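Spelled out from the first residue to the last, the chains are:
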Amino acid sequence: MSAARQSARAPGEEMRRARAALRAVRQRADGRVLVFTGAGCSADSKIPTFRGSNAGTLWGGISGKVAMAVFGTPFGWRWLPQRAWRHYLKDFYLPICKAEPHAGHMALSQFESEFRKKASSRPNYSKSCFTTVTMNVDNLHQRAGSTNVHELHGSTSRHRCVEKGHMIALNEYDPTKTDEEHIQASIGVRCAVCDGFPRPDCVLFTEALPNEPWVQAEYAAEQLRGGDVCIVIGTTASVYPAAYIPEIASTRNATMIEINMDETRFTRAFKPIFLRGKASDLLEELLAELDSEEAPALGHDKHSNAMLDLSAATEEARENVAV
């Protein structure tokens with residue numbers, strides 16, 4: 001499809017095509033779904049994004065770039081461990097503790113559950129038939145009920161010491177306490193083994209990704225075929241190597257669906273079905289009551305896109321008749 005034709009599509013038509021693709025993959029005996037999420041997926045849970053056009057981004061402006069250079073790298077944590085720890089508790093850890101999964105997280109979890117229920121009757125059923133790969137560190141997918149989640153950048157639910165990597169346990173978040181009370185209770189935490197300063201078990205700039213999540217994410221992307229679906233949510237797809245995952249999915253001829261507030265480098269390069277808006281709203285609409293509009297299964301051949309257009313057109317005609 002040409003870029004001009006894609007940009008001319010009405011938002012409602014893009015939504016119909018996306019829903020048709022998801023209905024079709026659920027009917028396939030060997031269908032697979034890969035969900036890839038970035039910070040924009042958690043923005044509706046009041047967790048600031050790192051980049052983007054919004055004023056509330058954590059690393060926007062000069063002060064944000066300075067904070068990224070100091071607190072977003074292992075060098076800053078070694079030079080200024082106490083300042084880095086306090087900054088982390090105030091601006092990262094506590095906002096994430098107070099956040100709740102939004103309607104989009106819940107819709108993804110429900111869709112995964114329904115997808116697995118249908119897929120479990122297959123003789124070749126595999127847990128990897130539905131995989132969520134996230135660059136987020138907030139644990140919101142798991143809290144919403146998603147089960148097969150691979151965290152490429154680690155998680156703020158785990159902590160370890162700066163020096164040796166020993167795991168460190170923090171007190172459970174108490175919503176009845178103020179932020180300052182939480183900070184004071186945690187500011188003096190040290191490693192019980194080596195007395196080292198704590199840090200989150202997250203990937204900082206210049207650090208390598210954890211091997212196991214990366215291997216599982218890469219495997220999930222490489223297993224996709226024509227007619228399978230990859231949903232990319234809330235990311236500029238510019239942070240590597242994580243951004244290779246949706247790129248691999250695209251090379252496997254999967255149907256690509258992107259949900260974002262603005263078009264991205266990924267939109268321009270890979271021409272996905274593009275849904276503009278908030279993840280919380282669009283995921284709920286995208287995944288709602290798919291059973292009521294079952295579509296013919298798509299094949300694995302070059303005619304899949306044409307069949308998607310036909311399925312979407314059929315749905316549009318049905319709506320027009322209803323009106």
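Coordinates for the structure precede this section.
Since the model is a prediction, treat every value here as computed from it, not as a measurement.

(A) Geometry of the overall build of the protein chain. For the protein chain, the helix and strand inventory stands at 13 helices and 9 strands. Considering only contacts within the protein chain whose residues lie at least 6 apart along the sequence, 71% involve residues at least 24 apart. When the accessible surface of the protein chain is split by element, carbon and sulfur atoms take 54% of a total near 15600 Å².

(B) Expanded view of the sheet that holds strand 5 (residues 167–168). In spatial order, the strands read 5-4-6; together these 3 strands make up an open sheet with antiparallel pairing. Both outer strands of the open sheet, strand 5 and strand 6 (198–202), are each paired with one neighbouring strand and no more. Against the sheet, helix 5 (residues 81–98) makes contact with strand 4 (154–161) and strand 6, and its axis sits at roughly 150° relative to strand 4, the strand it touches most.

(C) Broad picture of the environment of serine 155. Examined against the element boundaries, serine 155 turns out to sit in strand 4. The class of serine 155 is buried, set by a relative accessible area of 0%. Expressed as a C-alpha distance, the spacing of serine 155 and asparagine 139, which sit 16 residues apart in the sequence, is 6.7 Å. With near-sequence residues (within four places) excluded, serine 155 lies in contact with Val137, Asn139, Asp201 and Cys202.

(D) Inspection of helix 6 (residues 103–119) at higher detail. Spanning 17 residues, helix 6 covers 24 Å between terminal C-alpha atoms, matching the ideal 24 Å at 1.5 Å per step. Among the residues of helix 6, those classed as buried are Gly104, His105, Ala107, Leu108, Ser109, Phe111, Glu112, Phe115, Arg116 and Ala119. Where helix 6 is buried, its residues meet helix 2 (11–27), strand 1 (33–37), strand 2 (130–134), helix 7 (140–144), strand 7 (229–233) and helix 12 (279–287).

(E) Structural view of a nonpolar patch on the surface. On the surface, a nonpolar cluster with roughly 370 Å² of combined accessible area is contributed by Phe75, Trp79 and Leu80. With respect to the element layout, tryptophan 79 can be found in helix 4 (residues 74–79). Owing to a relative accessible area of 68%, tryptophan 79 belongs among the exposed residues under this scheme.

(F) Inspection of the side chain of serine 128 at higher detail. Within the fold, serine 128 resides in the loop between helix 6 and strand 2. Its relative accessible area of 15% is what places serine 128 among the buried residues. Here the side chain of serine 128 touches serine 126 through a polar contact of 2.9 Å, side chain to side chain. Apart from the residues lying within four places of it in its own chain, the contact partners of serine 128 are Arg32, Asn148 and Tyr219.

(G) Representation of the packing of aromatic side chains in the model. The full count for this structure, using the stated rule, is 10 aromatic pairs. Their ring planes at 65° and their centres at 6.2 Å tell us that tryptophan 77 and tyrosine 88 sit as a pair that is edge-to-face. Pair noted here: tryptophan 77 is in helix 4 and tyrosine 88 is in helix 5, with a separation of 11 residues, a long-range link. The buried category is assigned to tyrosine 88, whose relative accessible area is 3%. Look at tyrosine 88 and phenylalanine 92: their rings are 6.4 Å apart centre to centre, the planes differ by 20°, and that puts the pair in the stacked class. Here tyrosine 88 and its partner phenylalanine 92 are both found in helix 5, 4 residues apart, which amounts to about one turn of the helix. Residue tyrosine 88 shares its accessibility class with phenylalanine 92, and that shared class is buried.

(H) Spotlight on the packing of helix 2 against helix 6. At a closest axis distance of 9 Å, the pairing of helix 2 and helix 6 adopts a crossing angle of 30°. Where helix 2 approaches helix 6, its residues Leu22, Val25 and Arg26 are matched on the opposing element by Phe111, Glu114, Phe115 and Lys118. Looking at the contact of helix 2 with helix 6, its residues break down into 4 nonpolar, no polar and 3 charged.

(I) Spotlight on the pairing of strand 7. For strand 7, the tally of buried residues reaches 5 of 5 residues, placing the bulk of the element in the interior. Across the two faces of strand 7 the burial is the same, with Val229, Ile231 and Ile233 and Cys230 and Val232 all buried. Across 5 bridges, strand 1 lies against strand 7 in parallel orientation. Looking at strand 7, one finds that threonine 37 is bridged to isoleucine 233. Across 5 bridges, the pairing between strand 7 and strand 8 (residues 255–260) is parallel. Residue valine 229 lies in a different strand from strand 8, and its bridge partner there is threonine 255. With helix 10 (residues 244–251) bridging strand 7 and its parallel neighbour strand 8, the resulting β-α-β unit is right-handed.

(J) Representation of the sheet that holds strand 1. Ordered in space as 3-2-1-7-8-9, the 6 strands form an open sheet in which the pairing is parallel. Two strands bound the open sheet, and with one partner strand each, they are strand 3 (149–151) and strand 9 (273–276). On average, each strand axis in the sheet is tilted by 15° relative to the strand beside it, whichever way the strands run. Bridge analysis of strand 1 against strand 2 gives 5 bridges, and the strand direction is parallel. Opposite phenylalanine 36, over in strand 2, you have valine 133 as the bridge partner. Sitting on the sheet, helix 6 is in contact with strand 1, strand 2 and strand 7, with an inclination near 150° to strand 2.

Analysis parameters
- Residues numbered from 1 in each chain as written.
- Predicted model: local features only at pLDDT ≥ 70, side-chain atom pairs only at ≥ 80, totals over all residues.
- Heavy atoms only, no water.
- Helix = DSSP H or I, 4+ residues; strand = E, 2+ residues; numbered from the N terminus.
- Contact = heavy atoms within 4.5 Å.
- Areas by Shrake-Rupley, 256 points an atom, 1.4 Å probe, with all protein chains shown as cover.
- Pairing = 2+ DSSP bridges.
- Axes fitted to C-alpha atoms, helices over the stretch in contact; angles between N-to-C directions.
- Buried < 20%, exposed > 50% of the residue type's maximum accessible area, 1.4 Å probe, protein only.
- Expected span 1.5 Å × (residues − 1).
- Patch = residues over 30% accessible without salt bridge, like charges linked within 9 Å, V, L, I, M, F, W, Y side chains within 5 Å.
- Salt bridge = Lys/Arg side-chain N within 4 Å of Asp/Glu carboxyl O.
- Polar contact = N/O pair within 3.5 Å; in protein donor to acceptor, adjacent residues only side chain to side chain.
- Phe/Tyr/Trp six-rings, centres within 6.5 Å; stacked < 30°, edge-to-face > 60°.
- Nonpolar A, V, L, I, M, F, W, Y, C, P; charged D, E, K, R; others polar.
- Right-handed = clockwise from strand over helix to strand, strands pointing away.

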